[in-house]
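Residues per chain are reported as follows:
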Amino acid sequence: MLPRPTIDSKLPSPTETPLLAVTYTTKPFGFAVTRISTGDVLFNSTPPASGDLEPLFNPLVFKDQYIELSTQLPKSTTLFGLGESTRPDGLKLKKGKNYTLWTTDIAALFADIDLYGAWPFYIEVRDAGVSHGVLLLNSNGMEVSYGEEFLTYRVIGGVLDFYFFPGPSPLDVVDQYTQLVGRPAAQPYWAFGFHQCRWGYKNVTIVKTVVENFKKAGIPLDTMWNDIDYSDRYLDFTHDEERFPLKEWRAFVDELHANDQHYVILVDPGIGSAYNDYKTYSRGLEQDIFLKTENGEPYLGQVWPGPVVYPDFLNPNATLWWTNEVQLFHDQIPFDGMWIDMNEVSNFCTGTYCTWNGTILGGVTECYLQCTDTHTKYDDPPFKINHFGTLESLGHLTASMTAKHFDGTLEYDAHSLYGLAESIATKKALTTVRKKRPFLLSRSTFVASGAHTAHWTGDNKATYNDIAYSIVSVMNSGMAGIPMVGADICGFYDMASDDLCSRWIQTGAFHPFSRAHSSRDNAPKEFYLFKKVTASAKKALGLKYQLLPYYYTLNWEAHTKGYPMVRPLFMAFPTDPKTLDVSYQFLVGNHILVSPVFTENATSVEAYIPKGTWYNMFDFSQIVSKGEKFTLQAPWDVINVHVHEGAIIPMQESALTSAAVRKTPFTLLIPLPNSDSVSSSASGYLFLDDGEEIDMTLSAGQSTLVTFEALVDRRKNGTITSHVEHGEYAMKEGWIVDRVVILGLDSALSFFHVNQKANARVKVLQNDQKLELSGLRIPLGEDFQIDWTYE
C-alpha cells in the first residue's frame, strides 16, 4: 500500500558521504539524528535535565497500546504540518497545542479537531531557512504535543517507524518525502478547470439547466458533478429512473462530452445491505470482501441507504469487485471521474455489533440500528486521544475498532488507512475502465494518498473565516504530498452573500482544484445568480484559464518532484524569515503570488511582498519590495495577483473550457527586475501532452518539454531562447508562440530578429516599461531565438 523505494534525489548512495548520522544512549534510551555537515541535531529523544535536574520530558515508553517519545527542539525553530485539522492559528504550528491525528467524519467548520486525514509528518525550518522533515509512519491514533522546547508523540499502537528528510531547503524536504510515500498522481488537464457541484440537484433537468446557465453567463465550466441525488435509494452504482431517467441522463453526459466538458459522480463506501435486488451487495457477499465482526459476519453500520456493510479495501479481491462495479455502471453512464466521500469511514451509529429489525429508513441520519457498545479495550484504549475534541471513543460514529480485515488486521490499527485503501482501489478501477488518466477526489487521506487522489478540505461554512481557513488547509495538504486540493467555494453550509462569494471565487479560482459545492439545506449559490460573483468569477477564472499551461506544468513538477502546486511563501523564499509568519497569502509555483481578501467590507489587504519586483497580473503595475508589507487596494472587483521578476510564464487565451484554451496560441510573459543592474535574466519551462494519457512521461511523439531563457543587457541588447525536447508532439498539435510580453524594459528597440531573420509581420508595442511583440507565429515544437538591440 505504501511503497518504500530507494531514495536517491538529494540523498547519497551507499558509496557517497552520508548526510545524517544516528547515535543513541541506553540509560535512559534515546537516539539523536544529526546533520553531519553542520553538527546540527535534528531529532533527539534523550531527555535533557532542566535546572532542577528533572527531565523536560519522559524517556521512551513502549507498551502494548501506548508509545510515548519526545524530541528536543530549539526555541527559535518553526514547525509546519501534522494534519489534518482546520487551523485558526494559521499555517505554522503553535506552541502549547496538541494535534490529534485520526481520520474523522466531522465538518471542517469545526476548528482544532481531528479531521478527515491523518498526516504524521512535519517540516521544521531553522535559521537561514535550513529545513528538514520527520515522518512517523504509523496509522494508529496519536496525539502530538508541541511544547516550548520539545515535541511529544503519544501513540496508541503500532511501532516507531521514523524517516528523516535532510532537505536542506523546504522544497528538497517535500521532494525526499514524496520519494518515500509516492509521487503525487498526475492529474488530467481538464481537472484544472472549474467544477460545479451541489447536494440537491434533484433531477437531470436541473443539472442541464445549470450547465446552460454557466455558458449563457460566460463563466468557464469544465466539469459538472452530481452528489448522491442521482442514486436510487442512496445505493452506489444505481440511478433513480424517475428523476434521472437513463436515456435522458446518458444524453446529457454525451452532450457534455461533445462540448469538451466532463462529468464526475459521488459514491460512498457504505454498501446498502437491506435490499434483495441490489446486485452490488450480493456480488460483494459472494466474493466475501466486506469488513467482518469478531464472529465472522459482515460488520453492519448505517449511512444514507440505511443498513450498510463496508468493503475491505485491504483485501485484493475487493479491488476486483470494485472495478467490476465501476465498469458495469460506466457502461450505463460514461462518467469521467469519481468522488469517494465518507471514507473515514463514516457511520451514523456507534457499536461493536449492530443488528436491525427489518425497517428501512433511507436518508435518516439518526441511528436506528440496535447496537451493542461493549467499550472494548480497542474502542476505549487506556490512553484516550482527543477524538472529536471531546475524548470520544475511537469507534464513535465509525466502524468498530474490533472489526476485522481479511487478514485479521483490526480496524484499530487500520482505521486511518481506509480512505487511502479505497483511493488505491478506485484509481485502479478508473484506469482499467476508462483507459485514461484517472481523476478521483477523496475526503479521507493518509500520507501516501496524494499518489492516488485529489482532495478537498471538506464541509466548510459560508463565512469569511472559512475563506482564511481554506488558504491554510490547501497549503497544508500540499506540504503533506497531496497537491491537487481545493475548498468548497462559497461554503458548503449556510447561504453566502454576493460579497462573500465574490471574495471566495477570487481566492478559490487559483487553487489547483477549483470547485463550488453547497448543501441542499441552502438556497442555490451558482455564480450566475449574483451580479458581483458573476463578474469576479469571469475575471478570476479568466486569468486561471490563461494560466492553465503554467498550472499543468506545475502538475508535471508535482508528479516528478513532489512539489506543492500552491505553496507557502517560505518554500520559495526560505532565507526570508518573515515569510514564516505568512498564512493567508499563497504562491502558485514559485512565481505567482495571490493575496486574497478574507475580511468583510474590506477595500484593501495588508500583504507581505518578498524582496524583488512584482507585477500585477491584470494591469502590469509594479511593486518594488525590500521584503516588506504593503497595503494593496482591493475594492470588490480587484484581485491582487502578482508575478515575480525572473520568471517566464507560459500562457494561452482564456475560454469557457480547458479544451478550447488548448487550441489557442501561446504568450510568454517575462517580468524583469526594476533595478540599477545592467543585466538581468529570466527562465521558465512548459510541459505538454494530451492531458489524458495514463502515464505522464516525457517521450517521443507523446509529450513535449520546452525550456525558456531570457538574458537582457539594459544598455545593449536582449535574447530569448527556447530549448525543446521531443518537439514532435507540439508540432503535431500545431502550437505556436504568437506573443511575447516583457515587463521592466524602458529602452526603445532599434531592431529585432526571430531566428536571425527580420520579420515584418510582427507588431511591436512599447510603452510604460512594457515591450510586446505579437504576430510572431513561432512553432513551439522547435528551438527558437529572439534577439533585439536598443537605440
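Anything mentioned here points back to the structure above.
Residues numbered from 1 in each chain as written. Predicted model: local features only at pLDDT ≥ 70, side-chain atom pairs only at ≥ 80, totals over all residues. Heavy atoms only, no water.

Engineer: Give me the lowdown on the packing of helix H8 (residues 464-479) against helix H9 (residues 498-508), citing residues and values where you can.
Structural biologist: At a minimum axis distance of 10 Å, the contact between H8 and H9 shows a crossing angle of 10 degrees. By the criterion of interaxial angle, the relationship of H8 to H9 is roughly parallel. On H9, the residues that touch Tyr464, Asp466, Ile467, Ser470 and Ile471 of H8 are Asp499, Leu500, Arg503, Trp504 and Thr507. Residue composition of the contact of H8 with H9, grouped by class: 5 nonpolar, 2 polar and 3 charged. (Axes fitted to C-alpha atoms, helices over the stretch in contact; angles between N-to-C directions. Helix = DSSP H or I, 4+ residues; strand = E, 2+ residues; numbered from the N terminus. Parallel < 35°, antiparallel > 145°, perpendicular 65-115°, else oblique. Contact = heavy atoms within 4.5 Å. Nonpolar A, V, L, I, M, F, W, Y, C, P; charged D, E, K, R; others polar.)

Engineer: An account of the state of the cysteines is requested, with residue identities and associated values reported.
Structural biologist: Following the criterion strictly, the structure yields 3 disulfides and no others. In this model Cys490 forms its disulfide with Cys501; the gap between the sulfur atoms is 1.8 Å. Judged by the torsion about the S-S bond (75 degrees), the Cys490/Cys501 disulfide is right-handed. Here the residue Cys490 occupies a position in the loop between strand S25 (488-489) and H9, and Cys501 occupies one in helix H9, the gap between them amounting to 11 residues. (Disulfide = S-S within 2.5 Å.)

Engineer: Go over the nonpolar core, please, and point to the residues and values.
Structural biologist: In terms of nonpolar packing, the biggest core is built from 191 residues, with Tyr153, Trp322 and Phe527 touching the most fellow members. A per-element tally of this core places helix H7 (residues 418-434) first, with 8 residues. Look past the residues within four positions of Trp322 in its chain and what remains in contact with it is Asp236, Phe237, Val267, Ile271, Phe313, Met338, Glu422, Ala425, Thr426 and Ala429. Judged by nonpolar contacts, the second largest core, of 34 residues, contains Ile720, Ala730, Val754 and Leu773. (Core = buried A, V, L, I, M, F, W, Y, C linked by side-chain atoms within 4.5 Å. Buried < 20%, exposed > 50% of the residue type's maximum accessible area, 1.4 Å probe, protein only.)

Engineer: Could you give me a rundown of the pairing of strand S19 (residues 337-340), with the residues and numbers involved?
Structural biologist: By the alternation rule, side chains of S19 split into Gly337 and Trp339 and Met338 and Ile340, which are all buried. In this structure, strand S15 (residues 262-267) lies alongside S19, joined through 4 bridges in parallel fashion. Its bridge partner lying in S19, Val264 is registered against Gly337. The pairing of S19 with strand S22 (residues 440-442) spans 3 bridges and is classified as parallel. Within S22, the position partnered with Trp339 by the bridge is Leu441. (Pairing = 2+ DSSP bridges.)

Engineer: Give me the side chain of Thr78: which residues, what numbers.
Structural biologist: For Thr78, the position within the fold is in strand S6 (residues 78-83). Residue Thr78 is classed as buried on the basis of its relative accessible area of 10%. If we skip the residues at most four places from it in the chain, Thr78 touches Lys92, Ile123, Glu124, Val125 and Leu580.

Engineer: Account for the sheet that holds S25, naming residues and giving values.
Structural biologist: Strand order in the open sheet made by the 9 strands is S24-S23-S22-S19-S15-S14-S13-S26-S25, with parallel pairing throughout. The open sheet has two edge strands, strand S24 (485-486) and S25, and neither has a second partner. Relative to strand S26 (residues 514-516), S25 runs parallel, the two being bridged by 2 bridges. The residue bridging Ile489 from the neighbouring strand is Ala516, located in S26. Relative to S15, helix H3 (residues 246-258) is tilted by about 135 degrees, and along the sheet it contacts strand S14 (223-226) and S15.

Engineer: Give me the lowdown on helix H2 (residues 204-217), citing residues and values where you can.
Structural biologist: Between the first and last C-alpha of H2 there are 20 Å, a value that for 14 residues agrees with the 20 Å anticipated at 1.5 Å per step. Packing partners of the buried residues in H2 comprise strand S13 (194-196), S14, H3 and helix H10 (531-546). Two residues or fewer past H2, Gly218 is found with a positive phi of approximately 75 degrees. (Expected span 1.5 Å × (residues − 1).)

Engineer: Any details on unusual backbone geometry? Residues and values, ideally.
Structural biologist: Lys27 connects to Pro28 through a cis peptide bond whose omega is -5 degrees. For Pro28, the location among the structural elements is in the loop between strand S1 (20-26) and strand S2 (29-35). Cis peptide bonds are those with omega within 30 degrees of zero, and the linkage from Gly167 to Pro168 qualifies with 15 degrees. As for its position among the elements, Pro168 is in the loop between strand S12 (162-165) and helix H1 (170-181). Phi is positive for Tyr234, close to 65 degrees, though the residue is something other than glycine.

Engineer: An account of the packing of aromatic side chains is needed here, citing residue identities and associated values.
Structural biologist: The tally for this structure, following the rule as stated, stands at 52 aromatic pairs. Both rings, one in Phe439 and one in Phe513, keep their centres 6.1 Å apart while their planes meet at 40 degrees; by these two values the pair is tilted. On the criterion of sequence distance, the pair formed by Phe439 in the loop between H7 and S22 and Phe513 in the loop between H9 and S26 is long-range, its members being 74 residues apart. Like Phe513, Phe439 is buried. Sitting over the face of the ring of Tyr275, Arg233 holds its NZ or CZ atom 4.3 Å from the ring centroid. Cation over ring: Arg515 sits above Trp225, and NZ or CZ is 4.7 Å from the ring centre. (Phe/Tyr/Trp six-rings, centres within 6.5 Å; stacked < 30°, edge-to-face > 60°. Lys NZ or Arg CZ within 6 Å of the ring centre and 35° of its normal.)

Engineer: Could you give an account of a negative patch on the surface, with specific residues and numbers?
Structural biologist: Together, Asp690, Glu693, Asp695 and Glu733 make up a region of like negative charge exposed at the surface. Looking at where Glu693 falls in the secondary structure, it is placed in the loop between strand S37 (679-689) and strand S38 (703-713). Taking the relative accessible area as the measure of exposure, Glu693 reaches 38% and is therefore partly exposed. (Patch = residues over 30% accessible without salt bridge, like charges linked within 9 Å, V, L, I, M, F, W, Y side chains within 5 Å. Areas by Shrake-Rupley, 256 points an atom, 1.4 Å probe, with all protein chains shown as cover. Salt bridge = Lys/Arg side-chain N within 4 Å of Asp/Glu carboxyl O. Lys, Arg positive; Asp, Glu negative; His and termini not counted. Charge placed at Lys NZ, Arg CZ, Asp CG, Glu CD.)

Purely spatial values, then, with no claim about function.
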